[in-house]
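# Descriptive structure summary
These are the residues of each chain, in order.
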Amino acid sequence: GKGHWRYDDQNTWSSDFEHCNGKSQSPINIDTTTAKYDTRLPAIELQGYELSAEDKLSLKNNGHTLLLNLPNTMRIIRGFDNEFVAAQLHFHWGTKEVPGSEHTVDGLRFPAEIHVVHYNSKYENLGEAASQPDGLAVLGAFLEIGRQENAEYNNILSSLADVSSEESDIEIDGFNIRFLLPSNLERFFRYNGSLTTPPCFQTVNWTVFNDTIKVSRKQMAALEETLKIGQNELLTKNFRAPQLLFGREVLSSFK
Ligand code: SG5
Ligand code: ZN
């Protein structure tokens, strides 16, 4: 019914959610040859990302993604015209056979993608901000497979079995969220887009980092093979197809 949506229904999202038919939708394919180098794009500066074990965070399988709720003390303090407060982070992934990032680069899809969702501090909360034109800033980065285990990602991935059922959540200890993002925050792409899920509000100032994050094959497999939807279905391939640009410009912070 209305309000419910699935990734395998994405071509019909707009019948229940009109914004999904808009002309500034996300994700997109980032064409690095036409991205426009902008010397005035400032590096992203984060504040308060260093959480401690006393900060307890809820980690949830909501049937669409793996979602980590963040305290309202984490901010982007530079990189935009306003300050943005972190609300949650989540992931998009595929299977061992099918990569599952949402953005693609020169037509290439990466194994997975992390999104850290922030809202403009001039609004009360995420819900208020989500429908405002200047409401949201999402930081996105690609996950690839590397030789070594990524210790920082184990803060989340080691608890996956405890949220394998849909709608289950657990409390995990805070840690330095900065380390879930690439070490280089100066090289990124920037464009105006939308939420990549219904209701597809066109209110997101997107930053997609050029550098990737590496996790081990085993860690990626845990993300791909642990979470369930309902009784029998694996939560996988939770990515939306690339959307048309309709004349939008993609900026890059680097040559
Ligand atoms: C996530 O992507 C979460 C949303 C998030 C969207 O998959 O969607 C779901 O899990 C559906 C329930 O987070 C929430 O809904 C929080 C409970 O949407 C928002 O953050 C809305 C403000 C879309 O975010 S994304 O564009 O970065 N992929
Ligand atoms: Zn997302």
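Positions within a chain are numbered from 1, following the residues in the order the chain's sequence is written. Numbering of ligands from 1 and lettering of chains from A proceed in the order in which they are written. Restriction of local features to residues with pLDDT of at least 70 applies here, the model being predicted, together with a cutoff of 80 or more for giving and counting side-chain atom pairs; totals for whole chains, interfaces and linings are based on all residues. Think of the side-chain values as coming from all heavy atoms in the structure, minus any hydrogens and water.

## Section: the site of ligand 1
- The local shell around ligand 1 holds 17 residues, among which Asn62, Gln88, His90, Thr196 and Thr197 are the closest.
- Polar contacts, as used here, are pairs of N or O atoms within 3.5 Å; protein pairs need one atom able to donate a hydrogen and one able to accept it. Residues neighboring in sequence count only if both atoms are side-chain atoms. Gln88 is positioned with one of its side-chain polar atoms (N or O) 2.8 Å from an oxygen atom of ligand 1.
- In the environment of ligand 1, a nitrogen atom lies 3.2 Å from a nitrogen or oxygen atom belonging to the side chain of His90.
- Here a strand is any run of E in DSSP of at least two residues, a helix any run of H or I of at least four, and the numbering for each starts at the N terminus. Within the residue set of the shell around ligand 1, elements represented by two or more residues are strand S7 (84-93) and strand S10 (112-120).
- In the shell around ligand 1, the residues fall into seven nonpolar, nine polar and one charged. Throughout, near means a residue has at least one heavy atom within 4 Å of the molecule or strand. Here the nonpolar group is Ala, Val, Leu, Ile, Met, Phe, Trp, Tyr, Cys and Pro; Asp, Glu, Lys and Arg are the charged ones; every other residue, Gly included, is treated as polar.

## A few points about the coordination of the zinc ion (ligand 2)
- Coordination of the zinc ion (ligand 2) by the protein involves His90 (NE2), His92 (NE2) and His115 (ND1), with metal-donor separations of 1.9 to 2.0 Å.
- In this description, a donor is an N, O or S atom within 2.8 Å of the metal centre, a cutoff extended to 3.2 Å for sodium, potassium and calcium. Water is not part of the atom list, which can make sites seem incomplete. For a four-donor site, all angles between 85 and 135 degrees give tetrahedral; for four or six donors, opposite pairs above 155 degrees with the remaining angles between 65 and 115 give square planar or octahedral; all remaining cases count as irregular. Considering all four donor atoms around the zinc ion (ligand 2), angles at the metal cover 98 to 117 degrees and the coordination shape is tetrahedral.
- Sequence positions of the residues that donate to the zinc ion (ligand 2) give the spacing H-x1-H-x22-H. Highlighted residues: His92 in strand S7 and His115 in strand S10, separated in sequence by 23 residues.
- Relative accessibility thresholds used throughout: buried, under 20% of the residue-type maximum; exposed, over 50%; partly exposed, between the two (1.4 Å probe, protein chains only). On the basis of relative accessible area, His115 is assigned to the buried category, the value being 1%.

## As for the environment of Ala241
- Within the secondary structure, Ala241 sits in the loop between strand S17 (233-234) and strand S18 (251-252).
- Residue classification places Ala241 among the partly exposed positions, given a relative accessible area of 34%.
- For the pair formed by Ala241 and Thr104, sequence separation is 137 residues and the distance between their alpha carbons is 9.3 Å.
- Here Ala241 is in contact with Gln10 and Pro27, once residues within four sequence places are set aside. Any two residues whose heavy atoms approach within 4.5 Å at even a single point are treated as in contact.

## With respect to the packing of aromatic side chains
- Here is the rule: rings of Phe, Tyr and Trp (six-membered ring for Trp) pair when centre to centre is within 6.5 Å. Planes less than 30 degrees apart are stacked, more than 60 are edge-to-face, and the remainder are tilted. Summed over all chains, the structure comprises eight aromatic pairs.
- Aromatic pair Phe91 and Tyr153: ring centres 6.1 Å apart, planes at 65 degrees, arrangement edge-to-face. Placement of Phe91 in strand S7 and of Tyr153 in helix H3 (residues 151-157) is noted, with a sequence separation of 62 residues between them. An identical accessibility class is assigned to Phe91 and Tyr153; each is buried.
- Seen from their ring centres, Phe110 and Phe142 are 4.2 Å apart, and the 20 degrees between their planes marks the pair as stacked. Here Phe110 is found in the loop between strand S9 (108-109) and S10, whereas its partner Phe142 is found in strand S11 (residues 136-146), with 32 residues between them in sequence. No difference in accessibility class separates Phe110 from Phe142, as the two residues are buried.
- An aromatic cluster is present here, built from Trp5, Tyr7 and Trp13 joined pairwise through their rings.
- Whether a charge lies above a ring is judged from NZ of Lys or CZ of Arg, which has to be within 6 Å of the ring centre and within 35 degrees of the ring normal. A cation sits over an aromatic face here: Lys23 above Phe246, 4.8 Å from the ring centre.

## With respect to the side chain of Ser216
- In this fold, Ser216 is placed in strand S15 (residues 213-216).
- Judged by relative accessible area, which is 8%, Ser216 ranks as buried.
- Contact partners of Ser216, with chain neighbours within four places excluded, come to Ile145, Gly146, Gln148, Glu149 and Asn150.

## Remarks on the confidence of the model for the protein chain
- Scored between 0 and 100, pLDDT is the confidence that the predictor attaches to each residue. Residues with a pLDDT of 70 or more make up 100% of the protein chain, whose mean pLDDT is 97.
- Both scores are given for the predicted complex: the pTM is 0.97, the ipTM 0.90.

## What to know about the side chain of Glu224
- Within the secondary structure, Glu224 sits in helix H4 (residues 217-225).
- A residue counts as positive if it is Lys or Arg and as negative if it is Asp or Glu; His and the chain ends are not included. Within this document, salt bridges are pairs made up of a side-chain nitrogen of Lys or Arg and a carboxyl oxygen of Asp or Glu, the two lying within 4 Å of each other. Buried charged residue Glu224 carries no salt bridge. Nearest counter-charge: Lys96, at 7.6 Å.
- Once residues lying within four places of it in the same chain are set aside, the contact partners of Glu224 are Trp93, Gly94, Thr95, Lys96, Leu234, Leu235 and Thr236.

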